[in-house]
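Fold and geometry: a report
The lines below spell out each chain.
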Amino acid sequence: GAVVSQHPSRVICKSGTSVKIECRSLDFQATTMFWYRQFPKQSLMLMATSNEGSKATYEQGVEKDKFLINHASLTLSTLTVTSAHPEDSSFYICSALAGPETQYFGPGTRLLVL
Amino acid sequence: GESVGLHLPTLSVQEGDNSIINCAYSNSASDYFIWYKQESGKGPQFIIDIRSNMDKRQGQRVTVLLNKTVKHLSLQIAATQPGDSAVYFCAELGTSGTYKYIFGTGTRLKVLA
């Protein structure tokens, strides 16, 4: 099956700093990628839809200036958590759209903000 | 048996028994559903999918049942193994044309030796 990677897998940062997470589709092109956040013992919550060549679409309640998304190429989307705070600590998961119904998920990035 | 934790219900089953994990979905117009398995610290892993024009679909050791009347999905795992221990999520494909998945709340499956 198709492979999606994320980098880094784990990151610890100080409060107030920015953190960039990369999502790559390794063997297919994806004009659309999705970013999810998952808190412990909870489900995946969609944050935004990342579109190659255009602005991301954010879900209600997600601050676009806080979570910057850049879909620079057909295989790469980045999520930057700006001015991170402890409440931003979470598991961030991306997926890449490989067809009208098919998303392939990355392995996730664990963010801990101290 | 089943229990409801703080956020995630848990199903405990004996190794070798069959497991049935249930999910209620939200949109009666959804026409594509997927079950995912998520192990601790990892991303979701595709298990099986089903379209709304089907009631049942079988895979290797897994079966998905769809009841559109009550908007209910179930995942049956035959001869549950320790490696099946994980959190299981159902997801439905939204009907807005945006290809978004809507995830259910999830169920933690614990396989007892």
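Look a little higher up for the structure.
Owing to the predicted nature of the structure, the values given are computational and were not obtained by experimental measurement.

Looking at a nonpolar patch on the surface
Residue and element names in this part refer to chain A.
- Together, Ile12, Leu112 and Leu114 make up an exposed nonpolar region whose accessible area comes to about 310 Å².
- Looking at the element boundaries, Ile12 is found in strand E2 (residues 10-13).
- For Ile12, a relative accessible area of 58% gives the class exposed.

A look at the nonpolar core
- In this structure, Trp35, Phe67, Leu79, Tyr92 and Leu111 of chain A are the most contacted members of the largest nonpolar core, which totals 24 residues.
- If you list the elements that add at least two residues to this core, you get E2, strand E3 (19-25), strand E4 (32-38), strand E5 (45-51), strand E7 (67-73), strand E8 (76-81), strand E9 (90-97) and strand E11 (109-113) of chain A.
- If near-sequence neighbours (up to four positions away) are discounted, Tyr92 of chain A is found in contact with Gln6, Ile21, Tyr36, Arg37, Met47, Phe67, Leu79, Gly108, Thr109 and Leu111 of chain A.
- Residues Ile21, Phe33, Ile48 and Leu75 of chain B belong to the second largest nonpolar core, which totals 20 residues.

Some words on the packing of aromatic side chains
- Inspection of the entire model under this criterion finds 13 aromatic pairs over all chains.
- Centre to centre, the rings of Phe67 of chain A and Tyr92 of chain A are 6.4 Å apart; their planes meet at 45°, and the pair counts as tilted. With a gap of 25 residues between them, Phe67 of chain A in strand E7 and Tyr92 of chain A in strand E9 connect regions that are remote in the sequence.
- The buried category is assigned to Tyr92 of chain A, whose relative accessible area is 0%.
- Members of the aromatic cluster, each reached through a chain of ring pairs, are Tyr36 and Phe105 of chain A together with Tyr36, Phe46, Phe89, Tyr101 and Phe103 of chain B.

Quick word on the interface of chain B and chain A
- Chain B puts 19 residues into the contact, and the matching count from chain A is 21 residues.
- Carbon and sulfur atoms make up 56% of the surface buried where chain B meets chain A, a total of about 1700 Å² over both sides.
- Among the residues chain B hides against chain A, the three largest losses belong to Tyr99, Lys100 and Tyr101 of chain B. Together they make up 31% of the total.
- Summed over the shared surface of chain B and chain A, the number is two salt bridges.
- The salt bridge involving Arg51 of chain B is made with Glu101 of chain A; its shortest N-O contact spans 2.5 Å.
- Taken together, the connections running from chain B to chain A amount to eight residue pairs in polar contact (both at pLDDT 80 or more).
- At the level of secondary structure, the elements contributing two or more residues to the side of chain B that touches chain A comprise strand E4 (32-38), strand E9 (86-93) and strand E10 (101-103) of chain B.
- The residue inventory of the side of chain B that touches chain A, partitioned by class, reads nine nonpolar, seven polar and three charged.

Here we look at the state of the cysteines
Residues and elements named next belong to chain A.
- For the structure on display, the rule yields two disulfides over all chains.
- Between Cys23 and Cys94 runs a disulfide, and the two sulfur atoms are separated by 2.0 Å. Between Cys23 and Cys94 the sulfur-sulfur dihedral comes to about 80°; the bridge is accordingly right-handed. With Cys23 in strand E3 and Cys94 in strand E9, the pair connects residues that are 71 residues apart, well separated along the chain.

What counts as what
- Residues numbered from 1 in each chain as written.
- Chains lettered and ligands numbered in written order.
- Predicted model: local features only at pLDDT ≥ 70, side-chain atom pairs only at ≥ 80, totals over all residues.
- Heavy atoms only, no water.
- Patch = residues over 30% accessible without salt bridge, like charges linked within 9 Å, V, L, I, M, F, W, Y side chains within 5 Å.
- Areas by Shrake-Rupley, 256 points an atom, 1.4 Å probe, with all protein chains shown as cover.
- Salt bridge = Lys/Arg side-chain N within 4 Å of Asp/Glu carboxyl O.
- Helix = DSSP H or I, 4+ residues; strand = E, 2+ residues; numbered from the N terminus.
- Buried < 20%, exposed > 50% of the residue type's maximum accessible area, 1.4 Å probe, protein only.
- Core = buried A, V, L, I, M, F, W, Y, C linked by side-chain atoms within 4.5 Å.
- Contact = heavy atoms within 4.5 Å.
- Phe/Tyr/Trp six-rings, centres within 6.5 Å; stacked < 30°, edge-to-face > 60°.
- Buried area = accessible area lost by both parts, 1.4 Å probe.
- Polar contact = N/O pair within 3.5 Å; in protein donor to acceptor, adjacent residues only side chain to side chain.
- Nonpolar A, V, L, I, M, F, W, Y, C, P; charged D, E, K, R; others polar.
- Disulfide = S-S within 2.5 Å.

Note that all results are geometric; they support no functional claim without further evidence.
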